[in-house]
Amino acid sequence: MTESTLVALFAALGVVGAAAVTAVGVILGLLWRRIAHLEADGRAVWWWARIIADMYYRHRRDGAPDLPKPPNSAKDTSS
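Here we summarise the structure given alongside this text.

What counts, and where the lines are drawn
- Sequence positions are assigned chain by chain, starting from 1 and proceeding in written order.
- Reporting of local features is limited, given that this is a predicted model, to residues whose pLDDT is at least 70; pairs of side-chain atoms are given and counted only at 80 or more, and all residues count toward the totals for whole chains, interfaces and linings.
- Side-chain numbers come from the whole structure's heavy atoms, not from hydrogens or water.
- Secondary structure elements follow DSSP: runs of H or I of four or more residues count as helices, runs of E of two or more count as strands, with numbering from the N terminus.
- Taken over C-alpha atoms, the radius of gyration is set against a globule rule of 2.2 Å times the number of residues to the power 0.38.
- Relative accessibility thresholds used throughout: buried, under 20% of the residue-type maximum; exposed, over 50%; partly exposed, between the two (1.4 Å probe, protein chains only).
- All accessible-area figures derive from a Shrake-Rupley calculation using a 1.4 Å probe, and residue coverage is judged against the displayed protein chains alone.
- Planes of paired rings set the category: under 30 degrees apart is stacked, over 60 is edge-to-face and the rest tilted, where pairs are Phe, Tyr or Trp rings (Trp by its six-membered ring) whose centres lie within 6.5 Å.
- The working definition used for a salt bridge is a side-chain nitrogen of Lys or Arg within 4 Å of a carboxyl oxygen of Asp or Glu.

### Some thoughts on the overall build of the protein chain
- When its secondary structure is counted, the protein chain shows one helix and zero strands.
- The C-alpha atoms of the protein chain give a radius of gyration of 27 Å, which is well past the 12 Å a tight globule of 79 residues would have.
- By the burial criterion, 1% of the 79 residues in the protein chain qualify as buried.
- As presented, the protein chain carries roughly 7,500 Å² of accessible surface, and 68% of it is formed by carbon and sulfur atoms.

In structure tokens, the structure reads:
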């Protein structure tokens, strides 16, 4: 291999490597944004549930049942 061929090969590898690193960065950035959005939604739902529970216990009458336990996952919504 000549010197110019090696330089061209290393340049091509550098461009491909930079493109790969950029693609991984973009994918991680998009995932990070999505996860942050989901966590914010979950936090808002949690605060809403805490306010509802607080109101329930403040205005509870004698003999009223306790609140049910919250579900463990999104699939477990029965009860």
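From this point, the discussion proceeds with the structure in view.
### Remarks on the packing of aromatic side chains
- Under the definition given, this model contains two aromatic pairs.
- Judged by centre distance (5.1 Å) and plane angle (80°), the ring pair of Trp46 and Trp47 falls under edge-to-face.

### Here's the deal with the pattern of salt bridges
- Enumeration according to the criterion identifies two salt bridges in this entry.
- The partner of Arg58 in a salt bridge is Asp54, and the shortest N-O contact between them spans 2.9 Å. Of this pair, Arg58 and Asp54 both sit in helix α1 (residues 3–58), four residues apart, which is roughly one turn of the helix.
- The exposed category is assigned to Arg58, whose relative accessible area is 62%.
- Between Arg60 and Asp66 there is a salt bridge, and its shortest N-O distance comes to 2.9 Å.

Function cannot be inferred from these measures alone, as they are strictly geometric.
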